[in-house]
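Letter by letter, the chains look like this.
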Number of protein chains: 2
Amino acid sequence: MLRTHKVGSLRAEHIGQTVTLTGWVDRRRDHGGVAFIDLRDASGIAQVVIRDEAVAHPLRSEFVLQITGEVSARPAGNANANLATGDIEVIAHDVVTLNESAPLPFQVSTALADSEVVGEEARLKYRYLDMRRPATAGALRLRAKANQAARRVLDAEDFVEIETPTLTRSTPEGARDFLVPARLAPGSWYALPQSPQLFKQLLMVGGMERYYQIARCYRDEDFRADRQPEFTQLDVEMSFVDQEDVIALGEKILVALWDLIGVKVETPIPRMTYHEAMRLYGSDKPDLRFGNPIVELTEYFADTTFRVFQSEYVGAVVMAGGADQPRRQFDAWQEWAKQRGARGLAYVTFGEDGTLGGPVAKNLTDAERDGLAAATGANPGDAVFFAAGATNESRALLGAARQEIARRTGQIDEDAWAFVWVVDAPLFKPTGEDDDVDLGHSAWTAVHHAFTSPTPEWIDTFESDPGNALAYAYDIVCNGNEIGGGSIRIHRRDVQERVFDVMGIGPEEAQEKFGFLLDAFAFGAPPHGGIAFGWDRIMTLLTGSASIRDVIAFPKSGGGHDPLTNAPAPITAEQRKEAGVDAKPEPAEVE
Amino acid sequence: MLRTHKVGSLRAEHIGQTVTLTGWVDRRRDHGGVAFIDLRDASGIAQVVIRDEAVAHPLRSEFVLQITGEVSARPAGNANANLATGDIEVIAHDVVTLNESAPLPFQVSTALADSEVVGEEARLKYRYLDMRRPATAGALRLRAKANQAARRVLDAEDFVEIETPTLTRSTPEGARDFLVPARLAPGSWYALPQSPQLFKQLLMVGGMERYYQIARCYRDEDFRADRQPEFTQLDVEMSFVDQEDVIALGEKILVALWDLIGVKVETPIPRMTYHEAMRLYGSDKPDLRFGNPIVELTEYFADTTFRVFQSEYVGAVVMAGGADQPRRQFDAWQEWAKQRGARGLAYVTFGEDGTLGGPVAKNLTDAERDGLAAATGANPGDAVFFAAGATNESRALLGAARQEIARRTGQIDEDAWAFVWVVDAPLFKPTGEDDDVDLGHSAWTAVHHAFTSPTPEWIDTFESDPGNALAYAYDIVCNGNEIGGGSIRIHRRDVQERVFDVMGIGPEEAQEKFGFLLDAFAFGAPPHGGIAFGWDRIMTLLTGSASIRDVIAFPKSGGGHDPLTNAPAPITAEQRKEAGVDAKPEPAEVE
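Residues numbered from 1 in each chain as written. Chains lettered and ligands numbered in written order. Predicted model: local features only at pLDDT ≥ 70, side-chain atom pairs only at ≥ 80, totals over all residues. Heavy atoms only, no water.

A. Quick peek at the overall build of chain A. A tally of regular secondary structure across chain A gives 14 helices and 23 strands. When its C-alpha atoms are laid out on the principal axes, chain A stretches across 90 × 75 × 50 Å. Put simply, chain A has 591 residues, and 57% of those count as buried. Surface exposure of chain A reaches about 23,600 Å², of which carbon and sulfur atoms provide 49%. (Helix = DSSP H or I, 4+ residues; strand = E, 2+ residues; numbered from the N terminus. Buried < 20%, exposed > 50% of the residue type's maximum accessible area, 1.4 Å probe, protein only. Areas by Shrake-Rupley, 256 points an atom, 1.4 Å probe, with all protein chains shown as cover.)

Have a look at this one:
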């Protein structure tokens, strides 16, 4: 070892000892011909005193030094109570420069790094320097602690950690696959897995009973805010369980994780049905750090003469104290709504004397005006925003408005942690509701995925009413972020085939794509279910980071580009040829 | 939970309790109208008694049952001492069939599985059934324990588990990369990493100091015996260390792993230089479960008149008791040698009376004949095999003969564990010695990889004698298998550039391919080094498996094909188009 002690471990008890330290020059000050170096390693910082000016002269920030010297008490009055090593300093006898450093593109010194705002492109290009800054280093270290904490829970419950393949077949999560040409089978390609879903189910069929993996997953999506092409999930599957068992395990894991930052997660975590979440919060991932639910007014306006409110749905959300916003603020709300694809955001204001203002007010009858405060729960001085139209879209708009109101009015307690399980989601949704690849050829597609079991009440009847059938699924939401989700899976071949059928996947296609799973179900598949936690997202929350990029050692920036290595990069014609990229399975096919 | 107890947990203390169990029908026997079911879950087996013939009638092997019944003492004389639950049986009151099973392609019953030899293609196609067999299930469970054991060692020493990217740039390990088209940058491709080598070095530059990862790695090689396109290594890197530190840590990990199977690995593990290994065992991964080293006879035959032995090198290996092999056996040895690319395998026999036999003997002088027993260490009744020619090839042939002799003559103690560190390997080797992709354009290429440091003695002079310069590297060998290896890395930009230069990688190419690493070295890179353990290979040894495929949940068979999912598979024209497979970086390039 090049050192006898870790820098941060030195204390008064070491005074008088000769030690050898290694580390970086975090900061240097000169005083009366003596250099005071803050030497930093992963364990902390200590002050090194170099009296020889010739030795000290060339040392610059981030030089790597090996210092041999004597641990001494700091002169009276010079102790630094803010530093664990603040009682001592090391009087250097011998200074070896292990490596030099060019001038830095940005500060990494513990003392200075947090005060400097560095652009993300620079942070990613020089990630190896960004990592010396306390925030990034701390995030990566906490992430390792989180892995340990989760594994402690799982190991204690007899889970078996198993690795599943990443060179595999397209899996049916519904996003686009990353593809890998198979050189030894030209024209054939592997897909990188969007999740270990099918493999973990096969492990259950294989009798492993309890599986987990901190698994790398891949989705070739257009870069929406804060997504990465490769991401990590804590993936769990269990046999002979129902929803209660998986939720109980999930809560143990969450308790262990938040304990790392000194937060006690209260269990059982509250639950809410999907329909309740949509009705009250306009979202399947409601932020419950604050209240102010959506108020439905469809009945209230059932006989209205106001054309805008003669709709399938009318709802409202209150902005406490919002009445005194200037007109241009209300105009800005209209813009905000339009950017979300809505036509606008109708509103009324409640004056301190109870009089209604805003453009909508004059369209209402006296009775509608008189009852509105009671119907919405608005107080004098509040504003109320309305949405009217199709139910889902209106609720989504009101849910977003609720969140934005809370943000703007400081209703969100940034230290609060509000967890909720969202259960009883629909099993199917109409196809085409989002950008995802359509798996089947039917009017219906799976809300979670095609392997999610209907709830016990729906298992025999889901085909007759696909729009109302419920999934035996559960998502865990924290502060408005979906941080995990899972379901009880189908384990019977007949049920799986019926679900495929609703999704328009006929027997031949099912056999071609998922034949191995259907075959497996024929050989004694046990009842099973599981959950996957979005590990990057959870780490972002635990560390209070702004982006998942802050909790990934080497993330990609927008477009999947790595500013550090410049991946992806062109390949040579020889690589193309060797990899068999240009082989096509059907020779008749022409470009 | 669908059960109150795990099957294998039942003991006499449970007698009288009503329990609910779940599991598979491992075996069924019928006796006097009563069905005796061996019910199996992951925890073990217990006997279930079903007295109702109508209930028992449909139950077949691998049906999944939920049994509620009373735990009873087995009738006197019927206890089964071989079974942990052998004192009790469960008298079933209620039997629910959770799932049925079609007739099996092969036996999985604990009682029968080990006696049936199943072809590997069937095992892989029905991996979810193979996994119910004790050997495969046990291997996967031991692998999970090994992960735990290694992490316990590393966590206790403040290592930080960090995930590195798998969608990245070509890394320079020297094998072929798997490639992934980047849809958002058509014409550009990611490479799957052959190891996290460069990223772990960047983590050291980043001040993480101690890193580990159980990392998935990828090499697109032609399928040699027992390779997988994706494989796992326990990857470790440390800062401020020398070779002794890394070796000490490696030994702690090995001790913890072998402890899982009750074997105490003696430390310090012996070391041998690369040259000694080649000289005595003709291999850089010598099997030291037995002795019988190669005897060099170049000097002995320095003045020989026998043309075959007028060579750069002459050596021999003794086959104890080999003199009485029939002639056709010796002929078979010639065939064996020819299959390894040699011209043959010269030999002499030593009769019990000391007379020499075999075709070579008559070509030797009397003096050569008289001294041969003493020179080779052969005893009466032994045979001696010779190789003569180029040193490396001759030693390799003798090393292989040594191993084959030991196998055929039962010299290998199958219960022995012989570990050895092989150190002081050459830094460079002449290019073109094997099939690997040539990185540079010089007469020299790296033996380990281009980032391996020369030993301290060679760091200033390696260019002047590349063929003799030593690498600061260490490989760990167990029973003739290389199970891990590592090195102290280069951490100075000037040294790295000089190594690239010897390999024919000029400044421009170096900057283009590894500029990010060279740049990183300019900002205070600490001295660092590490090791990677071949996790699949180690698990194969720990479980006594025949192949690494036995310790991987879902391995590929030959050619990278997965008999279970049928990956890889053709992609659609739309997928091709979307992924940008056909985009070429240079528009002028034509096919």
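B. Region of interest: the packing of aromatic side chains. All names here are of chain A. Summed over all chains, the structure comprises 48 aromatic pairs over all chains. Seen from their ring centres, Trp333 and Phe385 are 4.8 Å apart, and the 45° between their planes marks the pair as tilted. Highlighted residues: Trp333 in helix α8 (residues 327–339) and Phe385 in strand β16 (residues 383–389), separated in sequence by 52 residues. For the pair shown, Trp333 and Phe385 are each scored as buried. Members of the aromatic cluster, connected to one another through ring pairs, are Tyr300, Phe301, Phe306, Phe309 and Phe386. Over the ring of Tyr126 we find Lys125; its NZ or CZ atom is 5.5 Å from the centre of that ring. (Phe/Tyr/Trp six-rings, centres within 6.5 Å; stacked < 30°, edge-to-face > 60°. Lys NZ or Arg CZ within 6 Å of the ring centre and 35° of its normal.)

C. View of empty space enclosed by the protein. On inspection of all chains with the given rule, the structure shows eleven cavities of 30 Å³ or more. Each pocket or cavity is described by its volume, and for the largest cavity that value is around 410 Å³. Around the largest cavity, the lining comprises 31 residues; the ones closest to its centre are Ile214, Ala215 and Arg216 of chain A together with Ile214 and Arg216 of chain B. Counting only elements with at least two residues in the lining of the largest cavity, the list comes to α4 (134–156) and β9 (210–218) of chain A together with α4 (134–156) and β9 (210–218) of chain B. In terms of residues, the lining of the largest cavity owes the most to one element, β9 of chain A, which gives six residues. When its volume is computed, the second largest cavity comes out at roughly 200 Å³. Of all the secondary structure elements, the ones that give two or more residues to the lining of the second largest cavity are α4 and β10 (230–239) of chain A. Among the residues making up the lining of the second largest cavity, the classes are represented as nine nonpolar, four polar and seven charged. (1 Å grid on protein atoms, 1.4 Å probe; cavity = no way out; pocket = protein on both sides within 12 Å on 5 of 7 lines; lining within 4 Å. Points joined across faces, edges and corners; volume = space filled by probe spheres on them. Nonpolar A, V, L, I, M, F, W, Y, C, P; charged D, E, K, R; others polar.)

D. Structural context of the UniProt feature "binding site: L-aspartate" (unreviewed entry) in chain A. All names here are of chain A. Using the residue numbers shown here, the UniProt feature "binding site: L-aspartate" (unreviewed entry) corresponds to Glu173, Arg219, His448 and Arg489. Relative to the helices and strands, Arg219 is located in the loop between β9 and β10. When you line up the elements, Arg489 lands in the loop between β21 (481–488) and α11 (493–502). Judged by its relative accessible area of 3%, Arg489 is buried. For Arg489, the residues in contact, after removing those within four places along its chain, are Gln197, Lys200, Gln201, Val236, Glu237, His449, Phe451, Ser453, His528, Gly529, Gly530 and Ile531. (UniProt positions renumbered as here; feature names shortened; annotations may be inferred. Contact = heavy atoms within 4.5 Å.)

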